[in-house]
Amino acid sequence: MLGLLITAGQRGDSPQLPAVLARIRVPRRGPGRPRTRPEHLSADKAYSSRANRRLLRRRKIRHTIPEPRDQRANRRNRGSAGGRPTSFDTERYKQRNVVERAINRLKNFRAAATRYDKKCECAETKTGRRLNLRKSDDRKAAERVWAKCAHSWTVRYRLGGRTSKQQEQSYPHEMKRDAEAFILEIKSDKVSGLRRTIDPKAGAITFESFAEKWLAGRVSLAPKSIEVYRSCLKNLINPTIGHMRLNAVTRQTIKNLISALSKGGYAPNSVNGAYRVIAEILSEAAKDKLIPESPCVDIELPNPAQHQDFYVPSWGQIKSLADSMPAQWRATVWLMAGCGLRVSEAFAVGTGCEMFGGKRLRIHEQITRKRVPGPLKHREEGDYRDMPLPPFVAEAIATHIDDHGTTDGYLFTGRVEGFVKYESYRTAFVAAVKKAGLPEDFTPHGLRHAYASMQLAQGIPITDVSRWLGHQDMGITFRTYGHLVDEAWDTAVSLMQTAYQTGISTNVAAAAC
């Protein structure tokens, strides 16, 4: 930096150019006076005055200063008396941003305007006159009164100088040291470059309120995902931290929540899902400058099971389950067990889903919890999924159409009207499970597990099974059903045994020779 001059904010820029030039003193390597004339000067249009240009020409300083439009017009109006047009080097002027960035960097280190006092009038009442707290004597007189006054201390500070909004933080009378520590914290952050841009009052919104705003802004989420997020917030998160302010949620708070959910019997996947929701919400709060940073850092989470243990019913049990279901929903059991559909996808099967002469089943939508059609899980609107259609499933569909018909092309409807209601279907399914002698915790999704297990047991490649199930990632299929693929284990044992026997036989034959 060659020269620096700090003036009051209301002072003009142009008159300060001579004073700035006078501060330039560059020592020479050898003997001689310091250099006072820069090789080139670049300035914005605020410095484009005849006085400044006359000074630079007199001192033989080359310069690049843009000429304002009004000065150009005045020069042209004066004709030949206005002088020649000023030269302007566009490429050199682009380098002026280096100076601007340096000035902006210096502004980040301006001292924070801070003070603490009391709003009460005790000091003026005691002294009998109006006090000017900027004067040293009046300040000392006020502090002697404040030491015995029970009113709270108020810290007033500005984060960006006089142009920024003044903020306040109150402390009880006995917490004077905390008020002083808060002032030192602000000044320390200012000097270190970590400006306090977080308003302490901004994080006063409750976690539950901000979570609702965050969820309303997730326009890219599918309706099903929004339902899952809302359910997770309602049942797992909000009962514990929903009432807390955002700036009161600490890392320890989240660790306690994770521990409570794990000890409460929730599955590791449910606990990890709740943590992901919390992390996304607090990350968004940090981006919105409501909290300094997200406390979701290095939180230990429970390890999910590498594979799931589930009950695989026999075909006889599946038939008994279907026979125990209400007649208008009986075919859903065969769609889930014979085609691997989710229950929401089975509700959306229609007359146009049979493809390629009845050998394939094509689905392109599901019925959401709100009883409206929606896109398939992990798919966009209009996407579809094909899977093999066994003859017994096609026969169940045909029987259903003959006995119950269709409504707007859909096979299944509710007890009264519209699409099937999940609660009604689950009640009927639980009763059918009991009649069929299946475990009490057996759910409709268990039929989907049975489908995958039977396919893999017959040697169907797991890649095909994953595609038919509609998994988003092949890894999900491997983690869930990979332990059921026994063919690879048997093949590995057989190959190792064959290699061993071949090697032993070769060595014995060589020794005999």
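One can find the structure itself at the top, above this paragraph.
Caption draft 1: Spotlight on the sheet that holds strand E10 (residues 385–388). Taken in spatial order, the three strands line up as E6-E7-E10 in an open sheet, and their pairing is antiparallel. The sheet is open, and its two edges are formed by strand E6 (354–355) and E10, each paired on a single side. Bridge count for E6 against strand E7 (residues 360–363) is two bridges, and the pairing is antiparallel. When the bridges of E7 are listed, Met355 appears paired with Arg360.

Caption draft 2: Structural view of unusual backbone geometry. A positive phi angle, close to 55°, is found at Asp298, a residue other than glycine. A relative accessible area of 67% places Asp298 in the exposed class. In this structure, Arg371 takes a positive phi of about 65° despite not being glycine. The topology assignment puts Arg371 in the loop between strand E8 (366–367) and strand E9 (373–374).

Caption draft 3: Molecular detail of the pattern of salt bridges. The final tally for this structure, using the stated rule, is 12 salt bridges. A salt bridge links Arg230 to Glu212; its shortest N-O distance comes to 3.1 Å. On the criterion of sequence distance, the pair formed by Arg230 in helix H10 (residues 223–241) and Glu212 in helix H9 (residues 207–216) is long-range, its members being 18 residues apart. The partly exposed category is assigned to Arg230, whose relative accessible area is 40%. Judged by relative accessible area, which is 38%, Glu212 ranks as partly exposed. When the shortest N-O distance is used, the salt bridge between Asp386 and Arg362 registers 2.8 Å. Of the two residues, Asp386 is situated in strand E10 and Arg362 in strand E7; the sequence distance between them amounts to 24 residues. In this structure Asp386 comes out as buried when scored by relative accessible area, which is 18%. Put simply, Arg342, Glu345 and Arg385 are held in one network by salt bridges that share partners.

Caption draft 4: Quick peek at a positive patch on the surface. A contiguous patch of positive charge, built from Arg50, Arg54, Arg57, Arg58, Arg78 and Arg84, is present on the exposed surface. Checked against the element boundaries, Arg84 lands in the loop between helix H3 (69–77) and helix H4 (90–94). Given the relative accessible area of 76%, Arg84 is considered exposed.

Caption draft 5: View of the nonpolar core. The biggest cluster of nonpolar side chains holds 52 residues, and the ones touching the most others in it are Leu321, Leu335, Leu341, Leu361, Tyr425, Phe429 and Leu447. Contributions of two or more residues to this core are made by helix H13 (315–324), helix H14 (330–339), helix H15 (343–347), E7, helix H16 (391–404), helix H17 (422–436), helix H18 (444–457) and helix H19 (462–469). Here Tyr425 is in contact with Met325, Trp329, Thr332, Met336, Val343, Phe347, Val420 and Pro444, once residues within four sequence places are set aside.

Caption draft 6: Broad picture of the packing of aromatic side chains. In the structure shown here, the tally under the stated rule is 12 aromatic pairs. Seen in terms of ring centroids, Trp334 and Phe392 are 5.8 Å apart; in terms of plane orientation they differ by 80°. Their pairing is edge-to-face. Remark: Phe392 occurs in helix H16 and Trp334 occurs in helix H14; sequence separation between them is 58 residues. For Trp334, a relative accessible area of 16% gives the class buried. Owing to a relative accessible area of 35%, Phe392 belongs among the partly exposed residues under this scheme. Ring geometry for Phe347 against Tyr422: centres 5.5 Å apart, planes inclined by 70°, an arrangement best described as edge-to-face. Of this pair, Phe347 sits in helix H15 while Tyr422 sits in helix H17; the two residues are 75 residues apart in sequence, bridging distant segments of the chain. Take Phe347 and Tyr422: they sit in the same class, and that class is buried.

Caption draft 7: The arrangement of empty space enclosed by the protein in detail. Under the defined criterion, the tally for this structure stands at two cavities of 30 Å³ or more. Its volume calculated, the second largest cavity comes out at about 30 Å³. Every residue lining the second largest cavity is listed: Lys224, Ser344, Gln366, Ile367, Thr368, Arg369 and Tyr422. Residues belonging to the lining of the second largest cavity are distributed by class as follows: two nonpolar, three polar and two charged.

Calculation rules
- Residues numbered from 1 in each chain as written.
- Predicted model: local features only at pLDDT ≥ 70, side-chain atom pairs only at ≥ 80, totals over all residues.
- Heavy atoms only, no water.
- Pairing = 2+ DSSP bridges.
- Helix = DSSP H or I, 4+ residues; strand = E, 2+ residues; numbered from the N terminus.
- Buried < 20%, exposed > 50% of the residue type's maximum accessible area, 1.4 Å probe, protein only.
- Salt bridge = Lys/Arg side-chain N within 4 Å of Asp/Glu carboxyl O.
- Patch = residues over 30% accessible without salt bridge, like charges linked within 9 Å, V, L, I, M, F, W, Y side chains within 5 Å.
- Areas by Shrake-Rupley, 256 points an atom, 1.4 Å probe, with all protein chains shown as cover.
- Lys, Arg positive; Asp, Glu negative; His and termini not counted.
- Charge placed at Lys NZ, Arg CZ, Asp CG, Glu CD.
- Core = buried A, V, L, I, M, F, W, Y, C linked by side-chain atoms within 4.5 Å.
- Contact = heavy atoms within 4.5 Å.
- Phe/Tyr/Trp six-rings, centres within 6.5 Å; stacked < 30°, edge-to-face > 60°.
- 1 Å grid on protein atoms, 1.4 Å probe; cavity = no way out; pocket = protein on both sides within 12 Å on 5 of 7 lines; lining within 4 Å.
- Points joined across faces, edges and corners; volume = space filled by probe spheres on them.
- Nonpolar A, V, L, I, M, F, W, Y, C, P; charged D, E, K, R; others polar.

Honestly, that's just the spatial picture; any functional story needs more than this.
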